[in-house]
Amino acid sequence: MITIPNISNFSSQEKTFVTIGTFDGVHFGHQKIIQKLVFEAKEAGKKSVLLTFFPHPRMVLQKNAKIELINTIEERANFLEKTGLDYLIIHPFSKEFSRMTALEFVRDVLVNQLNISKLIIGYDHHFGKNREGNLEQLTEYSHLYDFKVEEIPAQDIDDVSVSSTKVRHALASGDLKTANNYLGYNFMLNGTVVNGKQLGDKIGFPTANIDVKESYKLIPKTGVYVVKSTIDNKTVFGMMNIGNRPTVNGNHQTIEVHFFDFNQNLYDKNLTVELIYFLRDEEKFDSLETLILQLKRDEKTSRDYIKDNL
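All values derive from a computational prediction rather than experimental measurement.

Caption draft 1: Geometry of the sheet that holds strand β10 (residues 208–211). The 6 strands lie next to each other as β9-β10-β13-β12-β11-β14, forming a closed barrel whose pairing is antiparallel. For this sheet the average axis-to-axis angle between neighbouring strands, irrespective of direction, equals 45°. Strand direction decides the pairing type here: strand β12 (residues 234–243) and strand β13 (residues 254–259), joined by 6 bridges, are antiparallel. Within β13, the position partnered with M240 by the bridge is V257. Contacts from helix α10 (residues 288–309) reach β11 (223–231), β12, β13 and β14 (270–280) within the one sheet, and its direction differs from that of β14 by about 95°.

Here is the structure:
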């Protein structure tokens, strides 16, 4: 897959099969669209192109709104790399770009820039200024500019339509199982290991403190999770706490991972942590001793889960 940072940098003499969207989460429904795009493009001897945007349109058009995305743009690109796409175009979204009408978008971007042969889109896709473009307009323009349009119906899991919004709600409520089922992979956090207060060392549960730099990245419900990471090409399991550490009067949210059977300095390393299972809500304990007892129970529960399920 070739990643291109701007539509204007793309050039192809060959006709292309294209899909468009934010694709936040690259969830099960997104994957169906992309699989269809890649398969049909190969069958027709064309190149497959996925056009996405960053920043997210709401970051630009609703600056005061709180944006929580399932993936950072780097995570999204990494997932898309595995799909077999020929090209990923990450176009900078701006107010100027948002003012492009549906007709201008089709003519200038899809036809003149991307050399489109077929557009494959998800259910209820809208585009262009004020989201005025829809399937009806696309179909009309496709006759004018000689390309095909195919809309894929909403993808379902157990008769529940998959959407990025539903994934976010599941993560916010601690329903990690549903979120991971929708995604088709384990939700993950990526960040740099930074210095903490080293309380974990003192109580026998040393932790790696993860600093997620992207302010728009969704942080799931506070609580304790079973997690895994790949460190130096080795899979390492552990448990992670997301929360404010109320037992020790913490005043800001931290993300701390205690890895099992692992003793290595991780400071300044970039770490990806996959969330596997939600153990329990965050609690305030009466004393450090009570907290330590609970952490020992959490570790046993985590190890049992890993042994029985992974």
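Following the structure, the description resumes.
Caption draft 2: Region of the structure containing the side chain of N115. Mapped onto the secondary structure, N115 falls in the loop between α5 (102–113) and β5 (116–121). A distance of 3.2 Å separates the side chain of N115 from the backbone oxygen of S12, its partner in a polar contact. Once residues within four sequence positions are removed from consideration, N115 is found in contact with S12, Q13, E14, K15, T16 and L110.

Caption draft 3: Summary view of the nonpolar core. Core analysis: the largest hydrophobic core is formed by 54 residues, its most contacted members being F187 and M240. The element best represented in this core is helix α1 (residues 28–44), accounting for 5 residues. Residues contacting M240, with those up to four places away along its chain left out, are L189, G223, V224, Y225, V227, I255, E256, V257, V273 and L275. If you look at the next biggest cluster of nonpolar residues, it comprises 28 residues, including I4, F10, V109 and Y141.

Caption draft 4: Representation of the pairing of β10 in the model. Where strand β9 (residues 188–194) and β10 come together, 3 bridges link them in antiparallel fashion. Note on β10: the bridge partner recorded for V194 is N209.

Caption draft 5: Fine view of the sheet that holds strand β2 (residues 16–20). Spatially, β1-β4-β3-β2-β5-β6 is the arrangement adopted by the 6 strands of the open sheet, whose pairing is parallel. Each edge of the open sheet is held by one strand with a lone partner, namely β1 (2–4) and β6 (148–151). Adjacent strand axes in the sheet meet at a mean angle of 20° when their direction is disregarded. Most of the contacts of α1 go to β2, to which it runs at about 170°, and overall it touches β2, β3 (47–54), β5 and β6.

Caption draft 6: Focus on the pairing of β5. Among the 6 residues of β5, 5 are classified as buried, and the element is accordingly described as predominantly covered. Pairing of β2 with β5, which is carried by 3 bridges, proceeds in the parallel orientation. Following the sheet pairing, V18 is matched in β5 by L119. Two elements, β5 and β6, share 4 bridges in a ladder whose sense is parallel. Residue pairing for β6: I121 is matched across the bridge by E151.

Thresholds, definitions, all that
- Residues numbered from 1 in each chain as written.
- Predicted model: local features only at pLDDT ≥ 70, side-chain atom pairs only at ≥ 80, totals over all residues.
- Heavy atoms only, no water.
- Pairing = 2+ DSSP bridges.
- Helix = DSSP H or I, 4+ residues; strand = E, 2+ residues; numbered from the N terminus.
- Axes fitted to C-alpha atoms, helices over the stretch in contact; angles between N-to-C directions.
- Contact = heavy atoms within 4.5 Å.
- Polar contact = N/O pair within 3.5 Å; in protein donor to acceptor, adjacent residues only side chain to side chain.
- Core = buried A, V, L, I, M, F, W, Y, C linked by side-chain atoms within 4.5 Å.
- Buried < 20%, exposed > 50% of the residue type's maximum accessible area, 1.4 Å probe, protein only.

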